[in-house]
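Examination of the molecular architecture
One-letter residues, chain by chain:
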Amino acid sequence: MKNRPIGIFDSGVGGLTVVKQIFKRLPNEEIVYLGDTARVPYGTKSPETIKKYSIENADFLMKFKVKIIVVACNTASSTSLDALRKKFSIPIVGVIKPGAEKAVQITRNNRVGIIGTYTTVKSKAYEKEIRHFSRDVEAVSKACPLFVPLVEEGWLKEDVTFDIVKKYLKPLMAKKIDTLILGCTHYPLLKPVISRVMGRHVKIVDSASSVADEVHNILMALGKLSEQKKPAHKFFATDTVEHFVRVGEKFLGTKIHRAERANYV
Amino acid sequence: MTEKKNDKKKILVIEDEKDMSYAVTLQLEAKGYEVITAFDGMEGLDKARMKKPDLIILDLMLPKLDGYKVCRMLKFDEKYKNIPIILFTARAQDSDKKTGREVMADAYITKPFKPAALLDKIQELLALS
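Residues numbered from 1 in each chain as written. Chains lettered and ligands numbered in written order. Predicted model: local features only at pLDDT ≥ 70, side-chain atom pairs only at ≥ 80, totals over all residues.

What about the confidence of the model for chain B?
Averaged over all residues, the pLDDT of chain B equals 89, while 88% of them reach at least 70. Confidence metrics for the complex model read pTM 0.88 and ipTM 0.82. (pLDDT = per-residue confidence, 0-100.)

Observations regarding the domain arrangement of chain A
All names here are of chain A. Examined at the domain level, chain A breaks down into domain 1 (6–94 + 209–261) and domain 2 (96–207). Using only C-alpha atoms to locate each centre, domain 1 and domain 2 end up separated by 22 Å. Tallying the contact residues gives 21 residues for domain 1 and 23 residues for domain 2. Broken down by secondary-structure element, the contributors of at least two residues to the side of domain 1 that touches domain 2 are α1 (16–25), α3 (74–87), α10 (207–222) and α11 (241–252). (Domains from an automatic or database assignment. Contact = placed C-beta atoms within 7 Å. Helix = DSSP H or I, 4+ residues; strand = E, 2+ residues; numbered from the N terminus.)

Concerning the nonpolar core
With 108 residues, the main nonpolar core has A:V70, A:V71, A:V215 and B:L58 as its most contacted residues. The element that contributes the greatest number of residues to this core is α10(A), accounting for 8 residues. If you count residues domain by domain, this core takes at least three from each of domain 1 (6–94 + 209–261) and domain 2 (96–207) of chain A. Not counting chain neighbours up to four residues away, the residues in contact with B:L58 comprise B:I14, B:G44, B:G67, B:V70, B:C71, B:I85, B:I86, B:L87 and B:F88. (Core = buried A, V, L, I, M, F, W, Y, C linked by C-beta atoms within 7 Å. Buried ≥ 20, exposed ≤ 12 C-beta atoms within 10 Å, placed from the backbone.)

What follows is the structure in structure tokens.
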């Protein structure tokens, strides 16, 4: 049971930033990753459709006898966690709550910024979660739709990237936030630029690393941390794997030696 | 059978993260403790007052009422101040421990924790009380 894999799914490649953090934190764990690249983006779909996709993705991961499922997608996390928990009896971890909780914990002036895609920002999922923990924290959010294409293009250090980041984040700087949540799994790749723009006094909460903390906490408390030395990870995409591997390696920061197509879609 | 049940020490687990609460409950029940759960600070405070547990495990980050407030309200109340409280704190947050001392928590467990560390701490506090 202990050595069973951790299942992770996302609508595409962004969730690989979560995998990267789990690799770092829990090197003995075997990962089965599924990117639903055939149906990306989830952001434009209805909650019912996203729930259906999420359950199908989880069903696929369950074939590998995973011991925990991480929903490494902001949209699916804000719509499908309850439905997944109802259907599956293993722990299910989403990306929103760990990030929101961490931000409430570390803000000193009670002003937290959130950046994400239009859909995530519009859903107010982070605000709701923050308000759940504290009524004193004021949350301001800003959609940054150009960040995802910049990351997928690999433009992480260009001058144009700096200028775009600065333009998007200016309103948040004016609000004098001291904590900023990266509410999209693509954004950790822009963390150096975002940090440079916001200044050192603004703490950056990277949901990916908060999720890795949460997975670590739950598995350790359950006594289910893996003890295997060289885990063999598996990567799947619901569309052709070439693009998935090419872009995915940037997110993962390491080679994806083998990826397969999942044919259930 | 009923008598045996009354001998069981009762532990209140106040933790909003359902999977974490479940994990802790499993470990405690396996050691023969009776477990009561609460998933937010208000519910936790109510259950602490009504069910009179022998020990409380309290997460810091809780909806409705945070762990510090729950701890303070119990520890500054003559009727409940003797119930030992273990605070769950997050990794490397020294300020948590400082505030924890101010609200008179009896012990801290930093997440992630090994089940054995929690069980040892519980035993130690129950032996003292």
